[in-house]
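The lines below spell out each chain.
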Amino acid sequence: MKKALAHISLLLILVFSLFACVPTPEQEIVHMKDESQMIEDAQHPIDENSTISDQVQAPYIWKKSTDTANFHIRASAPVIIPKCDAFPIYEIKTVSFTQEQVDIFWTRLVGDQEMYESQTDDSMLPKSHLAMLIQNEMDRIERLEHDEYYDENVQIAQDNIKYYQSLYQKAPDDWVYTPVTSEIRDIVRRSDTDVYHILGIDATGGNGMMFRLINDNYYEKNGRPPITNAQFLFKRSEYMNYSEYRKDTIPINQQATTSGKDGLAMPPQEAVVTANELILSIDDTMEPDRVELYNTHPYNNSGVRYDHWCYAIIYHRSIEGCPVAIINGSTGGPYAVTPTWRYEQCAVLVDDQGIQCVKWDSPLAIGVCRVRSSKLLTFEEIEPLTETMLRYTYSSQAEGSDLTMNVTEVRLELMRTIQQDNITEGLLVPVWNFYGTRQRKFASDQFDDDETMNMLLVSLNAVTGNPIDLNIGY
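First things first, this report covers the structure right here in the doc. (Residues numbered from 1 in each chain as written. Predicted model: local features only at pLDDT ≥ 70, side-chain atom pairs only at ≥ 80, totals over all residues. Heavy atoms only, no water.)

1. Quick word on the overall build of the protein chain
(1) Moving on: Per the secondary structure count, the protein chain includes eight helices and 23 strands.
(2) Moving on: By residue count, 47% of the 474 residues in the protein chain fall in the buried class.
(3) Moving on: Nonlocal contacts in the protein chain, meaning residues at least 24 apart in sequence, comprise 70% of its contacts between residues at least 6 apart.
(4) Moving on: Only carbon and sulfur atoms are counted for the fraction: they give 49% of the accessible area of the protein chain, which is about 24400 Å². (Helix = DSSP H or I, 4+ residues; strand = E, 2+ residues; numbered from the N terminus. Buried < 20%, exposed > 50% of the residue type's maximum accessible area, 1.4 Å probe, protein only. Contact = heavy atoms within 4.5 Å. Areas by Shrake-Rupley, 256 points an atom, 1.4 Å probe, with all protein chains shown as cover.)

2. A closer look at the environment of Ile73
(1) Moving on: Here Ile73 shows up in strand 4 (residues 71–80).
(2) Moving on: Overall, Ile73 belongs to the buried group, its relative accessible area being 1%.
(3) Moving on: Separated by 331 residues in the primary sequence, Ile73 and Thr404 place their C-alpha atoms 5.7 Å from one another.

3. Details of the packing of helix 5 (residues 127–143) against helix 6 (residues 150–168)
(1) Moving on: Here helix 5 crosses helix 6 at 165°, and the two axes come no closer than 9 Å. For the element pair helix 5 / helix 6, the angle class is roughly antiparallel. Of the two possible hands of crossing, helix 5 and helix 6 adopt the one that is left-handed. Across the interface between the two elements, Lys127, Leu130, Ala131, Leu133, Ile134, Glu137, Met138, Arg140 and Ile141 from helix 5 touch Asn153, Ile156, Ala157, Gln158, Asn160, Ile161, Tyr164, Gln165, Leu167 and Tyr168 from helix 6.
(2) Moving on: Of the residues contributing to the contact of helix 5 with helix 6, the split by class is 12 nonpolar, four polar and three charged. (Axes fitted to C-alpha atoms, helices over the stretch in contact; angles between N-to-C directions. Parallel < 35°, antiparallel > 145°, perpendicular 65-115°, else oblique. Left-handed = near helix turned anticlockwise from the far one by under 90°. Nonpolar A, V, L, I, M, F, W, Y, C, P; charged D, E, K, R; others polar.)

4. What about the packing of helix 4 (residues 99–110) against helix 7 (residues 268–282)?
(1) Moving on: With their axes 9 Å apart at the nearest point, helix 4 and helix 7 run at an angle of 160° to one another. Judged on the interaxial angle alone, helix 7 and helix 4 are roughly antiparallel. In terms of crossing hand, the pair formed by helix 4 and helix 7 is right-handed. Where helix 4 approaches helix 7, its residues Gln101, Ile104, Phe105, Arg108 and Leu109 are matched on the opposing element by Glu277, Leu278, Ser281 and Ile282.

5. Things to note about the pattern of salt bridges
(1) Moving on: Considering all chains together, one arrives at 16 salt bridges under this definition.
(2) Moving on: For the salt bridge of Arg317 with Asp283, the shortest nitrogen-to-oxygen distance reads 2.8 Å. Here the residue Arg317 occupies a position in strand 13 (residues 309–319), and Asp283 occupies one in the loop between helix 7 and strand 12 (286–295), the gap between them amounting to 34 residues. An identical accessibility class is assigned to Arg317 and Asp283; each is buried.
(3) Moving on: Put simply, Asp289 and Arg290 hold a salt bridge, and the shortest N to O gap is 3.5 Å.
(4) Moving on: The structure contains a network of salt bridges with shared partners spanning Asp289, Arg290, Glu292, Glu409 and Arg411. (Salt bridge = Lys/Arg side-chain N within 4 Å of Asp/Glu carboxyl O.)

6. Points about the side chain of Glu344
(1) Moving on: Of note, Glu344 is situated in the loop between strand 16 (341–342) and strand 17 (345–351).
(2) Moving on: A residue is classified by how much of its surface remains accessible, and Glu344, at 13% relative accessible area, is buried.
(3) Moving on: One polar contact links Glu344 to Arg317, side chain to side chain, over a distance of 2.7 Å.
(4) Moving on: For Glu344, the side chain forms a polar contact with the side chain of Trp360, separated by 3.0 Å.
(5) Moving on: Filtering out sequence-adjacent residues up to four positions away, Glu344 remains in contact with Met286, Arg317, Trp360, Asp361, Ser362, Pro363 and Leu364. (Polar contact = N/O pair within 3.5 Å; in protein donor to acceptor, adjacent residues only side chain to side chain.)

7. Structural notes on the pairing of strand 3 (residues 61–68)
(1) Moving on: As judged from the eight bridges shared by strand 3 and strand 4, these two strands associate in the antiparallel manner. If you follow Thr66 over to strand 4, its bridge partner there is Ile73.
(2) Moving on: Linkage of strand 3 to strand 4, two consecutive antiparallel strands, is achieved through a turn of two residues, within which Ala69 is found at a positive phi near 55°. (Pairing = 2+ DSSP bridges.)

8. Section: the environment of His297
(1) Moving on: Counting through the fold element by element, His297 comes out in the loop between strand 12 and strand 13.
(2) Moving on: Here His297 falls in the partly exposed class, since its relative accessible area comes to 22%.
(3) Moving on: Considering only alpha carbons, one finds His297 and Asp307, 10 residues apart in sequence, at a separation of 5.2 Å.
(4) Moving on: Leave out the neighbours within four places in its chain, and His297 touches Arg246, Asp248, Arg305, Tyr306, Asp307 and His308.

9. Some thoughts on the packing of aromatic side chains
(1) Moving on: What the rule picks out here adds up to 13 aromatic pairs.
(2) Moving on: Aromatic side chains Phe97 and Phe105 sit 6.1 Å apart centroid to centroid with 70° between the ring planes, which places their arrangement in the edge-to-face category.
(3) Moving on: Given the relative accessible area of 4%, Phe97 is considered buried.
(4) Moving on: Its relative accessible area of 0% is what places Phe105 among the buried residues. (Phe/Tyr/Trp six-rings, centres within 6.5 Å; stacked < 30°, edge-to-face > 60°.)

Here it is as structure tokens:
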């Protein structure tokens, strides 16, 4: 029931953002305008005697406390205004990593380490391994209980045995290790149902080292999608992996003199320098956004996890001094049946031994500047819209609970939007982004109280005031 109500709420937001308007208690209705109208409205000459802070007139700290029945809004949030001369609007599109960039990654991360093609294709499995898989399926049949799913499970196991036996005839006697270089190439993966192509690199080395690049990927039966999100992932060892969805990271001041964690003697500023040497050699429009303490939790030889702390340096793209928002997710939404365009993410893990992980998804190509200096709404004009959108978006989640929206930070920044029905090209536009958490306390003991990790709660176009739905991209 709650999921259904959440979906209905999302549809209502979409309807209002596309066709109607956003009523607020303190100002006139703000109507949705098309992209060309927004560009026209945004034109604004640069005033050399006025800063962005002068233009938007935002407080240093935004304070808010409102209560309506079981729905509460709380804010004591710093308002971050970048020190740039103007907010531009640029055309953008997805871009692949170039061979030159990949060579830099390889030289600085892999060096002289021998790397081999990952053994991910079923056709690479040796006879000894296939024999083990066949025996496992036979043992599985013997262990199956005679229940209502017995015949179905036996059939699955027998089909697997037939498939492994078909591979066995042409399988190599032992694992074949094929040396890999930094050259981007067409990698073919075959299964019993389709053929999968990757334009990139898929290499492994000793101690679980991984170097993976995907510039393009598709299945032969489905053909190429209209958009491909380039991805790069390097891991020094198996457990050195960064995830943006971890809640237990610890923010740390870049200027701190110590990590405060055993086993991590390097100060954070030194870690940033190490990461910058790599990332800025790939793209000098990237800037460190924040530094976090990140526990990779590897396993020891006894299979027990232990603490291993790194610095996670999170990057944003910067255009003429204006930061581009770091957004988790993709255009198209979690239930999309069409291809999605992921928002750009870039992070580096660094410890005393150096760079342990690099993760970079969906880099952007910056195109034509459509507006050099945008005319921005003041914070006073944006504030009432924020409360309206918080209620539109989250009020359905207050059913059976006491819901509090905690706004912890407000940022004026650039963010990617797309045109309706166009997923391959977009714009970087100025937005007011409100970050924080959603906290629920349930009246019934059937549900546990919960609080989300810090996330983007509301995004408003800073030129028009219209809400931006992250799932659809406009």
